[in-house]
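So you can see what is in the structure, the chains are spelled out below.
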Amino acid sequence: MGFIFDDSEGFRYIFVVGGVLSVVYGIGTFFLPDSARWLVLRDLRQKGQVSDEARFALMKVRGAATTDEVAEEIADVRSSVAFSDSISSFSELLKSRNQFIVVLGCVIFQQITGQTSVLYHLDILVKSAVGDNNTQVTKALCLVYSVRFFGAMIVVSLVDRIGRKMLLLVGIGGMVVSTIALTISFHVYGDDSNLVTILFLVLYLAFYQVGYGPITWLLIAEIFPVSVRSRAVAISVFTNFSVEVLMLLTFKFIEQGIGRIGSFGLYCGLSLISWIFVCVRVPETKGKALEVVEKLFYPERYY
């Protein structure tokens, strides 16, 4: 907005746009249909059997699913509901350590691989590259955030075709390559950024947007069993923002201690470790119902 209107006044329009979009979003929620899974859960808890409305909704969501496949999924939901209603959420929370290893690992790596530090200090790095010309700085920042926006749009169209785990591996792999390039760039050109450095920063943020940016939040929503999901998600989100604040507060100290070359070399090493972690510990949840994902961690519950 500062670029379109005026640098000194444009920030005010950001709040106007945000307010308008919030209103549109709020109105749109009234037209959202009930989810198929919620209808099944409601019927099972209130009536003990699934209504035709829930069956039709589930078949619509699953597309080419046969009647038998829908019936199997309903049976899985029934088992999940029966189990979650018969246990203490706290005791089940303690048993969900495998899910916590996966989710908290992704949450922590999402932050410590450098995205938070780069993003919050991007204006400093950009000014170092293009000077104090506000118009040039605004153009560069518009480019960066446009890449992030379109990256997110691409992921939305691919996530159910390529899969969560594959997108994570591609995104983290790109972050490793980008941080290697950034480390070399700072070594060759010094700590002052330049257009080559900005290009690699844009590439780094684009790959982050392919992998950790959206996929971590999907995993948080999909991994945990129904009985503990609310508590587990709360713990995961709290951990995410706690680590984010920690990285934000320590970025300057890390940079002063080991320099920008060392900082991005560190992010490169952490990104590589996180790539290995995803390979070994993160399951693929593409196209799987919540109960099917739960089977990956609790197979005995369904047999």
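Up top is the structure these notes are about.
The text that follows walks through the structure, step by step, so that each part is easy to find. (Residues numbered from 1 in each chain as written. Predicted model: local features only at pLDDT ≥ 70, side-chain atom pairs only at ≥ 80, totals over all residues. Heavy atoms only, no water.)

## Here's the deal with the packing of helix H10 (residues 164–189) against helix H11 (residues 195–210)
One way to put it is that H10 packs onto H11 with a least axis distance of 8 Å and a crossing angle of 165°. In terms of orientation, H10 and H11 fall into the roughly antiparallel class. In this structure, H10 meets H11 at a crossing whose hand is left-handed. Each of Leu167, Val170, Gly171, Gly174, Met175, Ser178, Thr179, Ala181, Leu182, Ser185, Phe186 and Tyr189 in H10 lies in contact with H11, whose residues at this interface are Val196, Thr197, Phe200, Leu201, Leu203, Tyr204, Phe207, Tyr208 and Val210. Of the residues assigned to the contact of H10 with H11, the class counts are 15 nonpolar, six polar and no charged. (Axes fitted to C-alpha atoms, helices over the stretch in contact; angles between N-to-C directions. Helix = DSSP H or I, 4+ residues; strand = E, 2+ residues; numbered from the N terminus. Parallel < 35°, antiparallel > 145°, perpendicular 65-115°, else oblique. Left-handed = near helix turned anticlockwise from the far one by under 90°. Contact = heavy atoms within 4.5 Å. Nonpolar A, V, L, I, M, F, W, Y, C, P; charged D, E, K, R; others polar.)

## Quick word on the packing of aromatic side chains
Counting across every chain of the model gives five aromatic pairs. Taken together, a centroid distance of 5.6 Å and an interplanar angle of 50° make the contact between Phe109 and Phe277 tilted. Of the two residues, Phe109 sits in helix H6 (residues 97–112) while Phe277 sits in helix H13 (residues 229–281), which places them 168 residues apart along the sequence. For the ring pair Phe264 and Tyr267, a centre distance of 5.6 Å and an interplane angle of 90° mean the geometry is edge-to-face. Placement of the pair is Phe264 and Tyr267 together in helix H13, with a separation of three residues, close to one helical turn. On the accessibility criterion, Phe264 (2% relative accessible area) is buried. One aromatic cluster in this structure is built from Phe186, Phe264 and Tyr267. (Phe/Tyr/Trp six-rings, centres within 6.5 Å; stacked < 30°, edge-to-face > 60°. Buried < 20%, exposed > 50% of the residue type's maximum accessible area, 1.4 Å probe, protein only.)

## Focus on the nonpolar core
Membership of the largest hydrophobic core comes to 48 residues, with the highest contact counts inside it found for Leu168, Leu201, Tyr212, Val278 and Val282. Apart from the residues within four sequence positions on either side, Leu201 is in contact with Val118, Leu122, Leu125, Leu182 and Phe264. In this structure, Leu39, Val40, Ala57 and Leu58 belong to the second largest nonpolar core, which totals five residues. (Core = buried A, V, L, I, M, F, W, Y, C linked by side-chain atoms within 4.5 Å.)

## Considering the packing of helix H12 (residues 212–223) against H13
As a packed pair, H12 and H13 sit with axes 9 Å apart at the nearest point and diverge in direction by 150°. When the interaxial angle is binned, H12 and H13 end up roughly antiparallel. As for how H12 packs across H13, the hand of that crossing is right-handed. Every residue of H13 that contacts H12 at Tyr212, Trp217, Ile220, Ala221 and Glu222 is listed here: Arg229, Val233, Ser236, Val237, Asn240, Phe241, Ser274 and Val278. For the contact of H12 with H13, the per-class residue count stands at eight nonpolar, three polar and two charged.

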